Amino acid sequence: MACLHVMLLLAVTYIVAGNRKACPCPLLHDPVCGTDGKMYPNERCMKCSPGVDAEVACKGKCPCPPKPCVCTQELAPVCGTDGVTYPSRSCMRCKPGVKVACQGGCPCPPKT
């Protein structure tokens, strides 16, 4: 016995103020989080929403998960203000609020 799956997509049309252009917004549940911090049913509905000037920040619900920090493979050690030696500035930037205390490993040499 064969099964036949039929997907019925209903569409809502928005009239964009001033332009009077129809903007089809499918009633498809594929949520996105906009750069405005609001969740939309799908990307098309976000773009059709009157007065919204947002891009997709991430798929799914808001807030978006934090982006992973990228630490390059270069070896240029720095000592952070937290007293930790980092392999490079890019790796140190993965720790919020930490700045370079000195070049090279910790502890920093005394200032003269």
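What you are looking at is a predicted structure, and each value in this text was computed from that prediction instead of being measured.

Quick word on the overall build of the protein chain
- When its secondary structure is counted, the protein chain shows 2 helices and 8 strands.
- Helices (α) and strands (β) of the protein chain occur, in sequence order from the N terminus, as β-β-β-β-α-β-β-β-α-β.
- Looking at the 112 residues of the protein chain, the share that counts as buried comes to 21%.
- Of the contacts made within the protein chain by residues no fewer than 6 positions apart, 22% connect residues no fewer than 24 positions apart.
- Accessible surface, the protein chain: about 8,600 Å² in total, of which carbon and sulfur atoms supply 60%.

Comments concerning the side chain of S88
- Inspection of the secondary structure assignment puts S88 in the loop between β7 (85-86) and α2 (89-92).
- Separated by 3.0 Å, the side chains of S88 and S90 make a polar contact.
- Not counting the four nearest positions on each side in its chain, S88 is found in contact with C71, T72, E74, A76 and V78.

Topic: the sheet that holds β7
- Taken together, the 3 strands give an open sheet; going across it, the order is β7-β6-β8, and neighbouring strands pair in antiparallel fashion. Strands at the two margins of the open sheet, each flanked by one partner only, are β7 and β8 (100-103).
- With 2 bridges connecting them, strand β6 (residues 78-80) and β7 associate as antiparallel partners. Its bridge partner lying in β7, C79 is registered against T85.

Topic: the sheet that holds strand β3 (residues 32-34)
- If you trace the 3 strands from one edge of the open sheet to the other, you get β4-β3-β5, paired in antiparallel fashion. Lying at the two open borders of the sheet, with one neighbouring strand each, are β4 (39-40) and β5 (56-59).
- Here β3 pairs with β4 via 2 bridges, running antiparallel. From the neighbouring strand, C33 faces β4, where its bridge partner is M39.

Focus on the confidence of the model for the protein chain
- Of the residues in the protein chain, 80% have a pLDDT of 70 or more, and the chain-wide mean is 81.
- Across residues 1-20 the pLDDT falls below 50, and counting only partners more than four positions away or on other chains, this stretch makes 23 contacts in the model.

Details of the state of the cysteines
- In this structure the tally under the stated criterion is 7 disulfides.
- A sulfur-sulfur distance of 2.0 Å marks the disulfide that ties C58 to C64. The disulfide joining C58 to C64 has a torsion of about -90 degrees about its S-S bond and is therefore left-handed.
- Judged by relative accessible area, which is 14%, C58 ranks as buried.
- Given a relative accessible area of 27%, C64 falls into the partly exposed group.
- The side chain of C71 participates in a disulfide bridge whose partner is C91; the two sulfur atoms lie 1.4 Å from each other.

Quick look at the pattern of salt bridges
- Taken as a whole, this structure holds 1 salt bridge when the rule is applied.
- Where E55 meets K47, a salt bridge forms, and the shortest distance between an N and an O atom there is 3.4 Å.

Rules of the game
- Residues numbered from 1 in each chain as written.
- Predicted model: local features only at pLDDT ≥ 70, side-chain atom pairs only at ≥ 80, totals over all residues.
- Heavy atoms only, no water.
- Helix = DSSP H or I, 4+ residues; strand = E, 2+ residues; numbered from the N terminus.
- Buried < 20%, exposed > 50% of the residue type's maximum accessible area, 1.4 Å probe, protein only.
- Contact = heavy atoms within 4.5 Å.
- Areas by Shrake-Rupley, 256 points an atom, 1.4 Å probe, with all protein chains shown as cover.
- Polar contact = N/O pair within 3.5 Å; in protein donor to acceptor, adjacent residues only side chain to side chain.
- Pairing = 2+ DSSP bridges.
- pLDDT = per-residue confidence, 0-100.
- Disulfide = S-S within 2.5 Å.
- Salt bridge = Lys/Arg side-chain N within 4 Å of Asp/Glu carboxyl O.

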